[in-house]
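# Secondary and tertiary structure notes
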Amino acid sequence: MIYDAVILGAGISGLSAARFLKLNGIEPLVIEKNSYLGGKAHTSKVADFIIEEGPNGFLDNKPDTLELVEKSSLLQELVRANEKAEKRFIFSGSRLYELPFSPIAFIKSPLLSLAGKLRLAAEPFVEKKESDETLADFVKRRFGKEALNKLIGPMATGVYAGDPDTMSVESAFRRIKELERDYGSLFKALIKLKKSSDAAAFGGGKLTSFTGGLTQMSAGISKGIKIKLNTEAFSIKKDGKLFVVETSGGIVSTRRLISALPAYELSKISDSFDKDIAQAAGMINYAPIDVVAFGYNRKLDLDGFGFLFALDDMRSAIGVLWDSSIFPRAATGHSLIRVILGGARLAYIAEKEEKEVINMASEELKRTMNLEIEPDVVKIIRHKKAIPQYLMNHKDVVATIDGAERRHEGLRIIGNAFRGIGLNDCVSAGKRAAVSIISCIS
Ligand SMILES: Cc1cc2nc3c(=O)[nH]c(=O)nc-3n(C[C@H](O)[C@H](O)[C@H](O)COP(=O)(O)OP(=O)(O)OC[C@H]3O[C@@H](n4cnc5c(N)ncnc54)[C@H](O)[C@@H]3O)c2cc1C
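Report follows, based on the coordinates.

The rules behind these values
Residues numbered from 1 in each chain as written. Predicted model: local features only at pLDDT ≥ 70, side-chain atom pairs only at ≥ 80, totals over all residues. Heavy atoms only, no water. Helix = DSSP H or I, 4+ residues; strand = E, 2+ residues; numbered from the N terminus. Rg over C-alpha atoms; globule rule 2.2 N^0.38 Å. Buried < 20%, exposed > 50% of the residue type's maximum accessible area, 1.4 Å probe, protein only. Pairing = 2+ DSSP bridges. Axes fitted to C-alpha atoms, helices over the stretch in contact; angles between N-to-C directions. Contact = heavy atoms within 4.5 Å. 1 Å grid on protein atoms, 1.4 Å probe; cavity = no way out; pocket = protein on both sides within 12 Å on 5 of 7 lines; lining within 4 Å. Points joined across faces, edges and corners; volume = space filled by probe spheres on them. Nonpolar A, V, L, I, M, F, W, Y, C, P; charged D, E, K, R; others polar. Expected span 1.5 Å × (residues − 1). Near = heavy atom within 4 Å. Polar contact = N/O pair within 3.5 Å; in protein donor to acceptor, adjacent residues only side chain to side chain. Areas by Shrake-Rupley, 256 points an atom, 1.4 Å probe, with all protein chains shown as cover. Domains from an automatic or database assignment. Core = buried A, V, L, I, M, F, W, Y, C linked by side-chain atoms within 4.5 Å. Salt bridge = Lys/Arg side-chain N within 4 Å of Asp/Glu carboxyl O. Arc of directions from axis to C-beta.

## Some thoughts on the overall build of the protein
- Helix and strand counts for the protein come out as 16 helices and 21 strands.
- Taken against the 2.2 N^0.38 rule, which gives 22 Å for 442 residues, the C-alpha radius of gyration of the protein at 22 Å falls within 12% of a compact globule.
- In terms of overall dimensions, the protein has C-alpha extents of about 65 × 55 × 40 Å along its principal axes.
- Each of the 442 residues in the protein was classed as buried or not, and the buried ones make up 54%.

## Structural notes on the sheet that holds strand β17 (residues 306–309)
- Taken in spatial order, the seven strands make up an open sheet running β9-β8-β17-β18-β19-β16-β20, and their pairing is mixed. Looking at strand neighbours, the two that pair on one side only are β9 (95–98) and β20 (377–388), the edges of this open sheet. Pairs of neighbouring strands in the sheet enclose a mean axial angle of 25°, with direction left out of account.
- Against the sheet, helix α6 (residues 145–160) contacts β8 (88–92), β17, β18 (317–321) and β20, and its axis sits at roughly 110° relative to β17.

## A closer look at the layout of surface pockets
- There is about 160 Å³ of room inside the second largest pocket.
- If you trace the second largest pocket, you find 13 residues lining it, with F294, S362, I373, E374 and P375 closest to the centre.
- If you list the elements that add at least two residues to the lining of the second largest pocket, you get β16 (286–296) and α14 (354–369).
- A breakdown of the residues in the lining of the second largest pocket according to their chemical character gives eight nonpolar, two polar and three charged.

## Some thoughts on helix α15 (residues 394–407)
- The end-to-end C-alpha distance of α15, which contains 14 residues, comes to 20 Å, matching closely the 20 Å that a straight helix rising 1.5 Å per residue would cover.
- All of the buried residues in α15 are H394, V397, V398, I401, G403, A404 and E405.
- Along its buried surface, α15 packs onto α7 (169–172), α12 (275–282) and β21 (411–413).

## Brief notes about the site of the ligand
- What surrounds the ligand is a group of 31 residues, the closest being S13, E32, G57, I421 and L423.
- A distance of 2.8 Å separates a nitrogen atom of the ligand from a polar atom in the backbone of G57.
- Between a nitrogen atom of the ligand and a side-chain N or O atom of E265, the distance comes to 3.1 Å.
- Taking 1000 Å² as the accessible area of the ligand by itself, protein coverage stands at 90%.
- For the shell around the ligand, the elements supplying multiple residues, two or more each, are α1 (12–23), β20 and α16 (423–440).
- Looking at the shell around the ligand residue by residue, the classes come out as 13 nonpolar, 13 polar and five charged.
- Each of domain 1 (2–40 + 215–284 + 391–440) and domain 3 (286–388) accounts for three or more of the residues forming the shell around the ligand.

## A word on unusual backbone geometry
- Phi at S73 is positive, roughly 55°, even though this residue is not glycine.
- Residue placement: S73 occurs in the loop between α2 (63–71) and β7 (78–80).

## What to know about the nonpolar core
- Counting 73 residues, the largest nonpolar core has F173, V320, I326, I337, V339, L341 and L365 as the members making the most contacts within it.
- Looking at this core element by element, the count peaks at seven residues for β16.
- Each of two domains, domain 2 (112–196) and domain 3 (286–388), supplies a minimum of three residues to this core.
- Counting residues in hydrophobic clusters, the runner-up holds 32 residues, among them V30, L74, A260 and C426.

## Thoughts on the pattern of salt bridges
- Scanning all chains against the criterion turns up 37 salt bridges.
- K33 is paired through a salt bridge with E265; the nearest N and O atoms lie 3.0 Å apart. Of this pair, K33 sits in the loop between β3 (28–31) and β4 (43–46) while E265 sits in helix α11 (residues 263–269); the two residues are 232 residues apart in sequence, bridging distant segments of the chain.
- Residue K33 is classed as partly exposed on the basis of its relative accessible area, which comes to 42%.

## Overview of α2
- Along α2, the residues classified as buried are D64, T65, L68 and V69. Taken end-on, α2 shows its buried residues confined to a sector of 135°, consistent with a single buried face. Away from its buried face by more than 90 degrees, α2 exposes P63 and E70.
- Those residues of α2 hidden inside the fold are in contact with α1, β6 (58–59), β7, β10 (207–210), α10 (215–221) and α16.
- One or two residues past the end of α2 sits S73, with phi positive at roughly 55°.

If you want it as structure tokens, here you go:
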């Protein structure tokens with residue numbers, strides 16, 4: 001049988017592409033190795049706790065995700081983060097500091113020294129640089145070392161589990177680099193864009209999820225779509241204009257193929273089909289993450305979103321999320337905390353025994369929050385290859401992938417490894433792939 005479209009991978013990227021194809025009258029077949037949908041976006045229910053195994057949510061300022069949610073009849077299930085969650089903290093030295101979000105709060109905040117604040121305030125006078133550089137070099141040049149250590153480094157680790165010394169600012173934070181090029185200074189850009197629709201470049205949007213967690217998103221967007229679970233794609237071949245995919249459930253053929261696989265999987269299965277794809281995808285490194293969830297059958301005083309660590313104070317955890325203070329993730333009178341460990345800078349943690357990682361997480365709660373209470377529920381989720389890293393070679397990797405899409409009519413390559421790692425990026429890439437692949441086949 002020849003399918004109208006085949007999608008490899010039922011993470012948020014693959015499912016978004018599938019839904020947008022279906023909305024445009026094409027019935028795709030989705031092939032998924034796991035026994036469940038959603039890939040990294042997966043939720044478990046343990047006792048009285050709803051535990052996200054991966055992402056927490058997405059910002060509601062991107063129209064493609066909201067369109068997907070609306071067209072999948074999921075609007076009623078959306079839940080916005082509690083107002084309290086706007087309070088975010090940084091652990092630096094030996095204590096938590098609330099992140100200042102207004103100029104006055106920034107001036108008053110003890111998080112940065114006076115010298116650090118003055119250096120940051122000098123940003124408009126720093127000359128712009130056209131070429132790409134590492135995030136660490138960019139931030140040190142524009143804002144100074146202290147801002148890297150206590151503000152932007154923790155944020156980059158929080159989003160990418162990345163290492164600012166190796167990440168490419170242009171690939172990982174493209175808009176920020178563009179603003180430097182266009183306005184000469186990020187502060188100047190902020191002032192000019194503040195009231196325009198482009199203010200989203202500096203944040204904006206409310207953290208959003210679903211009442212039952214992100215699993216509800218994959219369940220909703222996949223409704224009515226033909227999906228083969230527990231089916232692994234082994235290889236792609238070309239037969240004239242047809243893509244022929246060998247899977248553990250047999251051969252499938254199609255003229256429209258969307259890969260929404262992790263890069264290392266795409267690399268493996270495309271080796272005999274297109275060496276350039278295999279090689280480029282194989283160059284993407286992934287950072288590991290361990291997520292340790294602690295559930296407490298009592299109310300803890302968790303006032304805010306949680307915290308990130310200053311780079312100099314990162315020992316094993318890269319962030320702590322006060323989940324039950326953000327979304328309804330625990331029964332009344334209960335509390336849920338997730339400790340995120342590892343990342344590119346602390347990758348060795350992925351090699352440790354499970355028990356040791358749980359101990360590390362609990363030590364981090366003692367060190368940072370003085371939390372000595374024993375949890376009632378403990379769950380660890382180990383992502384050996386959690387988040388793709390956009391390094392200095394990333395632009396070349398993406399250019400090769402773009403070239404392969406042009407060479408093979410009917411092929412699209414999406415997934416968080418290439419053009420954005422956020423859930424919003426994955427949805428947008430899925431939509432773009434679906435819409436463009438319909439018209440590319442006559
Ligand atoms: C701990 C953690 C926290 C995060 N937090 C956030 C957050 O709060 N907000 C946010 O926006 N983003 C967050 N992210 C990033 C976001 O979750 C991911 O970028 C996104 O979910 C990736 O979706 P994807 O579909 O591209 O890839 P994946 O979710 O990895 O999906 C790929 C799918 O392909 C399948 N597959 C693999 N090989 C094969 C094969 N050979 N054949 C068939 N199927 C195969 C896999 O089983 C998987 O289902 C987080 C990520 C992690 C790990």
